[in-house]
Amino acid sequence: MPLTAEPDWDFEQSCMWFEIPLKTGSVLCRIDGRCFMNSLGATSTSPMACRVAFVKFKPRIHAVALTQVEAGHLDSLPNMLRRFVWLTEKQFAS
């Protein structure tokens with residue numbers, strides 16, 4: 001999934017894709033709408049509500065994503081060539 005500099009909402013999967021910068025390049029990340037609602041205070045799973053939560057909690061989201069990258073917790077999907085960090089409610093529970 002090619003991305004721009006801004007987060008991109010995937011309507012089919014009801015999730016947001018974004019990238020975080022690293023010294024070695026950038027890492028693709030994903031957060032589902034349900035995670036935004038249950039863990040990041042979004043008022044709904046709508047793209048707009050999730051984007052508001054993303055902006056509000058961006059430093060925390062990036063820190064959690066970086067922790068997952070450093071731990072080597074990368075996922076993949078059959079239709080994607082690129083591996084990514086899939087952030088879930090579990091990572092935001094602590």
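About the criteria used
- Residues numbered from 1 in each chain as written.
- Predicted model: local features only at pLDDT ≥ 70, side-chain atom pairs only at ≥ 80, totals over all residues.
- Heavy atoms only, no water.
- Phe/Tyr/Trp six-rings, centres within 6.5 Å; stacked < 30°, edge-to-face > 60°.
- Buried < 20%, exposed > 50% of the residue type's maximum accessible area, 1.4 Å probe, protein only.
- Helix = DSSP H or I, 4+ residues; strand = E, 2+ residues; numbered from the N terminus.
- Pairing = 2+ DSSP bridges.
- Axes fitted to C-alpha atoms, helices over the stretch in contact; angles between N-to-C directions.
- Contact = heavy atoms within 4.5 Å.
- Expected span 1.5 Å × (residues − 1).
- Arc of directions from axis to C-beta.
- Polar contact = N/O pair within 3.5 Å; in protein donor to acceptor, adjacent residues only side chain to side chain.

Participant: Tell me about the packing of aromatic side chains, and name the residues and values.
Facilitator: Under the defined criterion, the tally for this structure stands at three aromatic pairs. With a centroid separation of 5.8 Å and an interplanar angle of 40°, the aromatic rings of Phe-84 and Trp-86 are classed as tilted. Overall, the relative accessible area of 0% leaves Phe-84 in the buried class. Ring-pair connections join several aromatic residues into one group, and the members of that group are Trp-17, Phe-84 and Trp-86.

Participant: Pulling in residues and values, what's your account of the environment of Asp-8?
Facilitator: Its place among the elements puts Asp-8 in strand β1 (residues 8–10). Asp-8 sits in the partly exposed class, given a relative accessible area of 31%. Measuring from C-alpha to C-alpha, the distance between Asp-8 and Glu-19 comes to 9.7 Å, with 11 residues separating the pair along the chain.

Participant: Residue-level account of the sheet that holds strand β4 (residues 84–87), with values.
Facilitator: Within the open sheet, the four strands sit side by side as β1-β2-β3-β4. Their pairing is mixed. One side of each edge strand has no neighbouring strand; the edge strands of this open sheet are β1 and β4. The mean inter-strand angle of the sheet, taken between neighbouring strand axes irrespective of direction, is 30°. Most of the contacts of helix α2 (residues 47–56) go to strand β2 (residues 15–22), to which it runs at about 25°, and overall it touches β1 and β2. Here helix α3 (residues 58–70) sits on the sheet and contacts β2, β3 (25–32) and β4; the angle it forms with β2, its principal contact strand, is near 70°.

Participant: Outline α3, listing residues and values.
Facilitator: For α3, spanning 13 residues, the distance from its first C-alpha to its last is 18 Å, which sits close to the expected 18 Å at 1.5 Å a residue. Residues of α3 that are buried: Ile-61, Val-64, Ala-65, Gln-68 and Val-69. Projected down its long axis, α3 shows its buried positions confined to an angular sector of 140°, all on one face. Those residues of α3 that are exposed and aimed more than 90 degrees away from the buried face are Pro-59 and Glu-70. Along its buried surface, α3 packs onto β2, β3, α1 (33–39), α2, β4 and α4 (89–92). Looking at the residues trailing α3, positive phi occurs at Gly-72, about 80°.

Participant: With reference to specific residues and values, describe the side chain of Asp-32.
Facilitator: Tracing the backbone through its elements, the reader meets Asp-32 in strand β3. Within the local environment of Asp-32, its side chain forms a polar contact with the side chain of Arg-30, the two groups lying 2.9 Å apart. For Asp-32, the contacting residues outside a window of four places in its chain are Ser-14, Cys-15, Trp-86 and Leu-87.

These values are about where atoms sit, not about what they do.
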